[in-house]
Amino acid sequence: MSTRLRILGGTVHDPANGVDGEVRDICIEDGHIVADLPGGAPTLDARGMIVMAGGVDIHSHLASSSCNHARRLLPEERSADPAPAPALLDGAASSRSGTGGTVPTTFTSGYRYAGLGYTTVFDAAVAPVMARHSHAELEDTPCVDGGFFALMGNDEYLLRQVAAGEKERARDYAAWLLGATGAYAIKIVNPGGVEAWKSGQRNLSGIDDVLTAHGVTPRAILETLADSANQLQLPHPVHIHCNNLGLPGNVAVTLASMQAMAGRRAHFTHVQFHSYGGPGWSSGAAQVIEYVNSHPELSVDVGQVMFGPATTITADGPVEYLLHKSSGRKWVNIDIELETGCGIVPFQYKDKAAVSALQWAIGLELFLLSRDPWRVVLSTDHPNGGSFLSYPALIQLLMDRSVREERLKQVNPKLLAGSALADGLTREYTLNEVAIITRAGPARLLGLRQKGHLGTGADADVTVYARNADIAQMFATPRYVIKGGTLVVEEGQLRRAPTGRRLHVRPGYDDALLPDLKRYFDAHSTIAFENYPVQGIPDDPLPLRP
Ligand SMILES: [Zn+2]
């Protein structure tokens, strides 16, 4: 049975197709956007409303063993934010209760993302050995198409290949690992530094520091994995969390890491956390964004800090140790086989705290000084800088200068001297720019050809907003959300919760890798080589770059 829907007469913002606020119909048939429909097709009246593609979150933490540890660490969130099962029209089977807070349970994550108009989400940090767990969580995260990035920047087998100068073998291993785990992209977190800290050496602070046990540098890891991603023609380039996250003066290592890419395509994540001047605390945002502006091969997501509760969840164990010590908050630290690390610390960003205010200001500077919204996209590094539920308030700060200036008056100004935000940034994002940084841009950076736009053939993921003078309110409560042609939100209420598609890749590699890799598994792994690959990953792998 074909399912058809004509979204009638909305004001469409579809920047990927050059549409900026034109009143037109969007037609859907069998889960995809089509050019037109015969008369008599069902209609959805969107006259006077704003129509965009469904949101695409390029960097979130929602479906991983780390998130599950965070849920266990935070029982107070479970009691404070109950989430009863929604009253769905498509049967009780998919309607589940849960809890919210900064790290919602799986079903609740899916419902809340959909309620926000987001229909595609990636978990940005999954330990490969825990990939099964992420697939199980994604299975229970309805309403969104989802995938994850596999952590490789401190992986023992990878480090051995880098140390030996075996670049092709490193690339083959990365390809094998992506296919074996059903991942979508290569993630690097604090290259070499996590392994250094785990093994008793101090954290690495510069990209030419040496991880002594292996004789490798962050630079070599960055170059090897960036080349691997590009040679494998992965849809998304290497996704980099630099060394020295969260430390004053880290702008130097961030710029050095970007320079080390030397023309290679690469994505740098949550750059707000990597844009601090030094030796004391100050903004380094202008230097970072200037470099990004002038290097079209690079892209970033911002990692905005929003005031309020957060939970920091990262593979960067050493930074979590520092945060645990300085904040006195409880924490979790996990060494995950020989692959990566994990640390979790709950945190509160307070507007009266000088460093939090600086972080908030730096994120906004990055957005407001960006010259290319296609390459500087929205994230809060959920839930590290704040929950995804704070995206509407962030959009309001970007679109409304007066709201921003009022908020600025309330924050601790101690560290803001000399920051561009304190000097007054007048820019206001347009609706089209918001459509770029929340869906069209992330989809393009991820290489998702059927996402983030409303052209013929695109997935029918559509969000319809009722105009509201309160921009935050408008983006927080879309009137309609359509996921793969299914109307999931009607009149602002979640009504259906279809299972999302799994987004993953399976690049080719030279089998000559396998005997050596098997020997390595036999010697070091708790899991037999044959049992390591995840079986039964739903949906076909996505195509590689042409
Ligand atoms: Zn992250």
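Up top is the structure these notes are about.
Okay, so let's go over this structure. (Residues numbered from 1 in each chain as written. Predicted model: local features only at pLDDT ≥ 70, side-chain atom pairs only at ≥ 80, totals over all residues. Heavy atoms only, no water.)

**Focus on the environment of Pro104**
Which entries qualify depends on this criterion: Here a strand is any run of E in DSSP of at least two residues, a helix any run of H or I of at least four, and the numbering for each starts at the N terminus. By definition in these notes, contact holds between two residues if any of their heavy atoms fall within 4.5 Å.
Tracing the backbone through its elements, the reader meets Pro104 in the loop between strand E8 (98-99) and helix H3 (106-115). Here the alpha-carbon distance between Pro104 and Pro82, two residues 22 residues apart in the chain, equals 9.7 Å. Beyond its immediate stretch of four places on either side in the chain, Pro104 contacts Arg71, Arg78, Thr99, Ser109, His382 and Phe388.

**Some remarks on the nonpolar core**
Heads up, the rule is: In this description, a nonpolar core means a group of buried Ala, Val, Leu, Ile, Met, Phe, Trp, Tyr and Cys residues linked to one another through side-chain atoms lying within 4.5 Å. When accessible area is computed with a 1.4 Å probe and restricted to protein chains, residues below 20% of their type maximum are described as buried, those above 50% as exposed, and intermediate ones as partly exposed.
Core analysis: the biggest nonpolar cluster contains 142 residues, and Trp176, Tyr184, Phe268 and Phe475 have the highest contact counts within it. With 10 residues, helix H12 (residues 354-369) is the largest single contributor of residues to this core. Listed in part, the 20 residues of the second largest apolar core include Ile7, Ala46, Val51 and Leu487.

**Describing the coordination of the zinc ion**
Applicable threshold: Only N, O and S atoms count as donors, using a 2.8 Å limit from the metal and a wider 3.2 Å limit for Na, K and Ca, and since water is excluded some coordination spheres may look unfilled.
The zinc ion binds to the protein through His59 (NE2), His61 (NE2) and Asp381 (OD); the donor distances cover 2.0 to 2.1 Å. Read in sequence order, the donor residues for the zinc ion give the motif H-x1-H-x319-D. Side by side, His59 and His61 carry an identical accessibility label, which is buried.

**A word on helix H9 (residues 251-260)**
Buried residues dominate H9, accounting for seven of its 10 residues. Those residues of H9 that sit buried are Val251, Val253, Thr254, Leu255, Ser257, Met258 and Ala260. In the core, the buried residues of H9 are packed alongside helix H8 (218-231), strand E13 (266-268), strand E14 (276-277), helix H10 (285-293) and strand E16 (298-301). A positive phi of about 45 degrees marks Ala262, the residue just after H9.

**Focus on the packing of aromatic side chains**
Here a ring pair, both rings aromatic, is described through the centre-centre distance and the interplanar angle of the planes. Worth spelling out the cut-off: Two rings from Phe, Tyr or Trp (for Trp, the six-membered ring) form a pair when their centres sit within 6.5 Å of each other. Planes less than 30 degrees apart are called stacked, planes more than 60 degrees apart edge-to-face, and all others tilted. We count a charge as sitting over a ring when the NZ of a lysine or the CZ of an arginine lies within 6 Å of the ring centre and within 35 degrees of the ring normal.
Inspection of every chain in the model, using the stated rule, returns 22 aromatic pairs. Put simply, the rings of Tyr157, Tyr173, Trp176, Tyr520, Phe521, Phe529 and Tyr532 pair up and form one aromatic cluster. Cation over ring: Arg444 sits above Trp374, and NZ or CZ is 3.8 Å from the ring centre.

**Some thoughts on the side chain of Asp301**
Put simply, the test is: None of His or the chain ends enter the tally, which takes Lys and Arg as positive and Asp and Glu as negative. Any carboxyl oxygen of Asp or Glu within 4 Å of a side-chain nitrogen of Lys or Arg constitutes a salt bridge here. Whenever a nitrogen or oxygen atom comes within 3.5 Å of another N or O atom, the pair is scored as a polar contact, on the condition that within protein one atom can donate a hydrogen and the other can accept it, and that pairs from neighbouring residues in sequence are kept only if both atoms are in side chains.
With respect to the element layout, Asp301 can be found in strand E16. Lacking a salt bridge, the buried Asp301 has Lys187 as its closest oppositely charged neighbour, with an N-O distance of 8.4 Å. Polar contacts involving the side chain of Asp301 include one to the main-chain amide nitrogen of His270, which spans 3.0 Å. Side-chain polar atoms of Asp301 contact the side chain of Ser379, separated by 2.6 Å. With residues up to four places along the chain from it excluded, the contact list for Asp301 reads Ile58, His59, His239, His267, Phe268, Thr269, His270, Val271, Val377 and Ser379.

**Topic: unusual backbone geometry**
A cis amide bond, omega 5 degrees, links Gly278 with the succeeding residue Pro279. Position of Pro279 among the secondary structure elements: in the loop between E14 and strand E15 (282-283). Of note, the bond from His382 into Pro383 is cis; its omega dihedral lies within 30 degrees of zero at 0 degrees. When you line up the elements, Pro383 lands in the loop between strand E20 (376-377) and helix H13 (391-399). In the Ramachandran plot, Asn244 falls in the positive-phi region, its phi being about 65 degrees despite a non-glycine side chain. Its location among the elements puts Asn244 in the loop between strand E12 (239-241) and H9. Residues other than glycine seldom take positive phi values, yet Asp381 does so here, at roughly 55 degrees. Relative to the helices and strands, Asp381 resides in the loop between E20 and H13. Its relative accessible area of 4% is what places Asp381 among the buried residues.

**Quick look at the pattern of salt bridges**
If you walk through the whole model with that rule in mind, you get 32 salt bridges. Here Lys198 ties to Glu195 by a salt bridge, and the two come within 3.8 Å at their closest N and O atoms. Residue Lys198 and its partner Glu195 are located together in helix H7 (residues 193-198), separated by three residues, close to a single helical turn. Looking at Lys198, the relative accessible area reads 25%, which means it is partly exposed. For Glu195, a relative accessible area of 10% translates into the label buried. Residues Arg519 and Asp516 are paired through a salt bridge, measuring 3.5 Å at the closest nitrogen-oxygen approach. Of this pair, Arg519 and Asp516 are both found in helix H18 (residues 513-524), three residues apart, which corresponds to roughly one turn of the helix.

**A few points about the packing of H10 against H12**
Threshold: Only the stretch in contact is used when a helix axis is fitted, and all axes are lines through C-alpha atoms; the angle between N-to-C directions ranges over 0 to 180 degrees. Here is the rule for angles: anything less than 35 degrees is roughly parallel, anything more than 145 is roughly antiparallel, 65 through 115 is roughly perpendicular, and the remaining ranges are oblique. Here a crossing is taken to be left-handed if its near helix is turned anticlockwise relative to the far helix by less than a right angle, and right-handed if that turn runs clockwise. Any residue that is not Ala, Val, Leu, Ile, Met, Phe, Trp, Tyr, Cys, Pro, Asp, Glu, Lys or Arg is counted as polar, Gly included; the first ten are nonpolar and the last four charged.
It is the contact of H10 with H12, at a shortest axis distance of 9 Å, that shows an interaxial angle of 30 degrees. Regarding the angle of H10 to H12, the classification is roughly parallel. For H10 against H12, the interelement crossing comes out right-handed. Contact residues: Ala285, Ala286, Val288, Ile289 and Asn293 in H10; Ile362, Glu365, Leu366 and Leu369 in H12. Residues of the contact of H10 with H12, tallied by class, amount to seven nonpolar, one polar and one charged.

**A word on the sheet that holds strand E11 (residues 185-189)**
Which entries qualify depends on this criterion: A pair of strands is considered paired only if DSSP assigns at least 2 bridges between the two.
Across the sheet, eight strands lie side by side as E6-E9-E10-E11-E12-E13-E16-E20; this open sheet has parallel pairing. Bordering the open sheet on either side are strand E6 (55-60) and E20, each of which pairs with just one other strand.

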